[in-house]
Amino acid sequence: MKLKVFLAMMLSLILAAGMLSACASSSGEGAAASEAATETAAPAGTTAAEPASSEGSVYFLNFKPEVAEKWEEIAQVYSGETGVTVEVMTAASNMYEQTLRSEIAKTKAPTLFQINGPVGYQNWSDYCLDLKDTEFYEYLSDKSLAVTSGDGVYGIPYAIEGYGIIYNKTIVADYCALDGAVIASADEIVNFDTLKAVAEDMQARKDELGIEGAFASTSFAAGEDWRWQTHLANVPLYYEFQDKGVDDAETVDGTYLENFKNIFDLYINNSITSPNLLSSKTVGDSMAEFALGQVAFAQNGDWAWGDIKDNEVGEDEIGYLPIYIGVDGEENQGLCVGTENFWSINSQASEADQQATLDFVKWLLTSDTGKDYLVNQMGFTAPFTTFGEEEAPSNPLSNSILEYSASGKTAVSWAFSAMPSQTYKNHVGQALLEYAQGTGTWDNVEIVFIDEWAAEKVNPTAEQ
Amino acid sequence: MDRALKKYFPIFVLPTLAAFILWFIIPFIMGLYLSFCEFTTVTNTTFVGLSNYMRVFSDGGFVYSFMFTTAFAVVSVLTINVLAFTIAMLLTKGIRGTNIFRTVFFMPNLIGGIVLGYIGMLVLNGILINFDRTITYSGAYGFWGLVILMNWQQIGYMMVIYIAGIQNIPGELIEAAKIDGARPSQTLRHITIPMVMPSVTICVFLTLTNSFKLFDQNLALTAGAPSDKSAMLALNIYNTFYGRVGWEGVGQAKAVLFFAVVAVIGLVQLGITRRKEVQQ
């Protein structure tokens, strides 16, 4: 009898467990999905939405998780002012394409979304409205920045960004004060050879300087390698395109890959982290190392300001260096300035929604509230004529970008927008990681860089 | 009774059937259709016939992932079932704290795959850091990391099924064997194992299909790093679908092939182990 009772209990436990585990796994996915996309409708807007729906509504799929909360505020403010519903959804880091793909197939699709440049346009061309005759395009200060195809304008950048090697002025000054320092001031770092000499000497004397390494971790955790496979790889790619006088190509030769190797070697060999442990490091880790004053250099862009501020390293201690890779004439090279943030408007949305979206964008770019959010709250350098000179974000990194362009140095453009696909970038990143760990060779990096470019550039749709 | 059942049968079946059709049959047919299409979003498609299937194998990663997954399935089916059975044997001997042990072994199964994967990553990286390595150092690290993770998650569940099976063995059989002078190893081989074959069928089926379909844990633990050397089939399909422009249909075709492979393997295994079951 006892056995029977126990069996019955066991059986019900198994059944319950089956259900529980089913719940657990689906809530696991649910958690991932809700992490991937935090949906928030402006409460004020949703209630006001029903009567206003004939006037169209806005649904913005945001790319930048770091400013997600600001967008939600904007949505509420705008809905409060105009009564138009603005819904904002934010895709998790590195999940934008996935989120967009599922969102845009819905009946209530995003009306305002982001493409990452010409390659993104190829993928989303069916959904991008021609913005040529809109005020949105008219406001754009440099028309060459837009994503165009034929006569049409399909993507308009809303923020210009710049990246380079961020350095800690105090640590570098401390280093210059040491006996036998190879430079007397940070201004002398104007090419790869000096940078290399300084970084290697700093690494050797890190105990004297009270730091743990010259460079912050070269982060290679899953989804955290974009600073290398995209941003660092951009520099050799840019010089190759410069030589050829193109901004996109079906194949690449990898002319400057040797330089790429040099700078990458410099990063990983003079780092706070042993090369074997890089695959566990995230961008956040390496920015924390920099912000806490443990390292002198970290490659990143102005968006990293949020990670650095309010820590050990003060606002006036931060400087910016271009990424030198040892190319002739690089003394005149500036930061890498460009954008991969292009707004597109859904061409398959209803006309009322398109108009509502255009009005929303116009409000963002012209009203004081909208401009304040873009510039001061989110720190975007907005490339529009509606923004005056003083209406630019003021943080040391953004200021530095302006200084570099004012000083007449040649900015390195973002050639990487021509990279064929996310898979290509990931494979380059993984090849770099294997090289760093010693489990792969540099030859393999070159093979991936060159051969996969050609393979991935072949657009299978065009073949048929 | 029978008449009543017949009469109300549709009413009882309807909710489940509707759910099954809505969330399984229809998406399945849509998926099948999409594998013959070129598309960016699932609502905007062009029919292209078999070309997606022809391109599946032009991507070397698929074959590699298939081999990796097969090797993983073999290793984890063996380890999970052997360990789960051993623990089940130990925990039916009436040792002290049996219930606590059962609970402890069962707990990891209640945690979702993604979370478990991240916990696994932190734990394994925490150990490997002493050896100047990480879990994504090479494909082999990822492979054994996944094996450990799946063992951790599934042993408890399989243990419960085996315990139920073992307790179902009539006491007189064991007693008779004892009286006949059978040694414990002989009892195990000739009585216990044949009698728990129904549980073996279920456990092997569950572990085998789970191993082939593994996705969450793979994504959270290694995400395929380095260079897709620890990417299993489901992750390879996911990356094909989302990571490459113009490869959505190919990803869909891979998914259909994947379904066929898992279904065939599952059915073959069921057939084989069923034949070994004995009637009480």
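Residues numbered from 1 in each chain as written. Chains lettered and ligands numbered in written order. Predicted model: local features only at pLDDT ≥ 70, side-chain atom pairs only at ≥ 80, totals over all residues.

**Considering the overall build of chain B**
When helices and strands are counted, chain B shows 12 helices and two strands. Starting at the N terminus and ending at the C terminus, chain B contains elements arranged as α-β-β-α-α-α-α-α-α-α-α-α-α-α. With the principal axes as the frame, chain B shows a C-alpha extent of 70 × 70 × 30 Å. The long-range share in chain B, meaning contacts at least 24 apart out of those at least 6 apart in sequence, stands at 75%. (Helix = DSSP H or I, 4+ residues; strand = E, 2+ residues; numbered from the N terminus. Contact = placed C-beta atoms within 7 Å.)

**Re the overall build of chain A**
When its secondary structure is counted, chain A shows 19 helices and 13 strands. Put simply, chain A has 464 residues, and 45% of those count as buried. Sequence-distant contacts, at least 24 apart, represent 73% of the contacts inside chain A between residues at least 6 apart. (Buried ≥ 20, exposed ≤ 12 C-beta atoms within 10 Å, placed from the backbone.)

**Quick notes on the domain arrangement of chain A**
Residues and elements named next belong to chain A. Examined at the domain level, chain A breaks down into domain 1 (36–160 + 339–388) and domain 2 (162–337 + 411–463). A C-alpha centroid distance of 31 Å is found between domain 1 and domain 2. Opposite the 13 residues of domain 1 that make contact, domain 2 presents 13 residues. Looking at the side of domain 1 that touches domain 2 element by element, the count peaks at three residues for helix α5 (residues 118–124). Residues of the side of domain 1 that touches domain 2, tallied by class, amount to three nonpolar, seven polar and three charged. (Domains from an automatic or database assignment. Nonpolar A, V, L, I, M, F, W, Y, C, P; charged D, E, K, R; others polar.)

**Side note on the domain arrangement of chain B**
Domains assigned within chain B are domain 1 (2–34) and domain 2 (54–275). Between the C-alpha centres of domain 1 of chain B and domain 2 of chain B the distance comes to 30 Å.

**Some thoughts on the packing of helix α3 (residues 60–90) of chain B against helix α6 (residues 139–167) of chain B**
A pair of packed helices can be characterised by two numbers: the angle between their axes and the separation between those axes. All names here are of chain B. Interaxial distance between α3 and α6 falls to 7 Å at its minimum, and their mutual angle equals 40°. The orientation of α3 with respect to α6, classified from their angle, is oblique. For the pair α3 and α6, the sense of crossing is right-handed. Only F143, L146, V147, M150, N151, Q154, I155, M158, M159, Y162, I163 and I166 of α6 make contact with α3, whose side of the interface consists of F72, V75, S76, T79, I80, N81, L83, A84, F85, I87, A88 and M89. (Axes fitted to C-alpha atoms, helices over the stretch in contact; angles between N-to-C directions. Parallel < 35°, antiparallel > 145°, perpendicular 65-115°, else oblique. Left-handed = near helix turned anticlockwise from the far one by under 90°.)

**A look at the environment of A:I160**
Residues and elements named next belong to chain A. Assignment of secondary structure puts I160 in the loop between β6 (152–157) and β7 (161–168). Judged by the 21 C-beta atoms lying within 10 Å of it, I160 falls in the buried class. Remark: the alpha-carbon pair of I160 and N341, spanning 181 residues in sequence, is separated by 8.0 Å. The contacts of I160, once residues within four sequence positions are left out, are V337, T339, T381 and P383.

**Focus: the nonpolar core**
Burial of nonpolar side chains together is a common tendency in soluble globular proteins. Counting 178 residues, the largest nonpolar core has A:V295, A:F297 and B:Y162 as its most contacted members. In terms of residue count, the dominant contributor to this core is α6(B) (14 residues). Those residues within four positions of A:V295 in sequence are excluded, and the remaining contacts are A:I211, A:E212, A:G213, A:A214, A:F215, A:A216, A:I272, A:E289 and A:F290. (Core = buried A, V, L, I, M, F, W, Y, C linked by C-beta atoms within 7 Å.)

**A few points about helix α14 (residues 351–366) of chain A**
With 16 residues, α14(A) extends 22 Å between its outermost C-alpha atoms, agreeing within 8% with the 22 Å of an ideal straight helix rising 1.5 Å per residue. Within the sequence span of α14(A), burial applies to A:D353, A:Q354, A:A356, A:T357, A:L358, A:F360, A:V361, A:L364 and A:L365. (Expected span 1.5 Å × (residues − 1).)

**Topic: the environment of B:V256**
Residues and elements named next belong to chain B. Here V256 is to be found in helix α12 (residues 248–275). Between the C-alpha atoms of V256 and G31, which are 225 residues apart in sequence, the distance is 7.7 Å. If we skip the residues at most four places from it in the chain, V256 touches G31, L32 and S35.

**Considerations on the pairing of strand β2 (residues 58–62) of chain A**
Residue and element names in this part refer to chain A. Counting buried positions over the five residues of β2 gives five, a clear majority of the element. Burial along β2 is two-sided: V58, F60 and N62 facing one way and Y59 and L61 facing the other are all buried. Pairing of β2 with strand β3 (residues 86–91) involves five bridges; the strand directions are parallel. Residue F60 lies in a different strand from β3, and its bridge partner there is V88. Since β2 and β3 lie parallel, the crossover through helix α3 (residues 68–82) that links them has a hand, and here it is right-handed. (Pairing = 2+ DSSP bridges. Right-handed = clockwise from strand over helix to strand, strands pointing away.)

**Here's the deal with the environment of A:F241**
Residue and element names in this part refer to chain A. As for its placement among the helices and strands, F241 is situated in helix α10 (residues 226–244). For F241, a count of 19 C-beta atoms within 10 Å puts it in the partly exposed group. Between the alpha carbons of F241 and Q377 there is a distance of 36 Å; along the sequence they are 136 residues apart. Each residue touching F241, except ones within four places of it in the same chain, is listed here: V246, D247 and A415.

**Some words on the confidence of the model for chain B**
Summing up the model confidence of chain B, the mean pLDDT is 85 and the portion of residues at 70 or higher is 99%. The ipTM for the predicted assembly is 0.71, set against a pTM of 0.74. (pLDDT = per-residue confidence, 0-100.)

**Some thoughts on helix α5 (residues 113–128) of chain B**
Residues and elements named next belong to chain B. An ideal rise of 1.5 Å per residue puts 22 Å on 16 residues; α5 measures up with 22 Å between its terminal C-alpha atoms. What α5 keeps buried is the set G113, I114, L116, G117, G120, M121 and L124. For α5, the angular spread of the buried residues around the axis is 155°, confining them to a single face. Opposite its buried face, α5 presents the exposed residues L122 and G126, each directed more than 90 degrees away. (Arc of directions from axis to C-beta.)

**Some remarks on the pairing of strand β9 (residues 295–301) of chain A**
Within a regular beta strand, the side chains point alternately toward one face of the sheet and then the other, so they alternate between its two faces. Residues and elements named next belong to chain A. With seven of its seven residues buried, β9 lies for the most part within the structure. Here five bridges tie β7 to β9, and the two strands are oriented antiparallel to one another. Within β9, the position partnered with G164 by the bridge is N300. One ladder, built from two bridges, connects strand β8 (residues 213–215) with β9; its direction is parallel. Its bridge partner being in β9, F215 is matched across the sheet by F297.

**Examining the packing of α10(A) against helix α17 (residues 422–437) of chain A**
All names here are of chain A. Direction vectors running N to C along α10 and α17 enclose 95°, while the axes themselves pass 8 Å from each other. The pairing of α10 with α17 is recorded here as roughly perpendicular in orientation. Residues W228, Q229, T230 and A233 of α10 pack against K425, N426, V428, G429 and L432 of α17. For the contact of α10 with α17, a count of residues per class yields four nonpolar, four polar and one charged.

**Some remarks on the confidence of the model for chain A**
All names here are of chain A. The predicted model of chain A has a mean per-residue pLDDT of 79, with 87% of residues at 70 or higher. Here residues 18–53 is a poorly scored stretch, pLDDT under 50, and it has 53 contacts once near neighbours within four places are set aside; other chains count. Here residues 460–464 is a poorly scored stretch, pLDDT under 50, and it has seven contacts once near neighbours within four places are set aside; other chains count.

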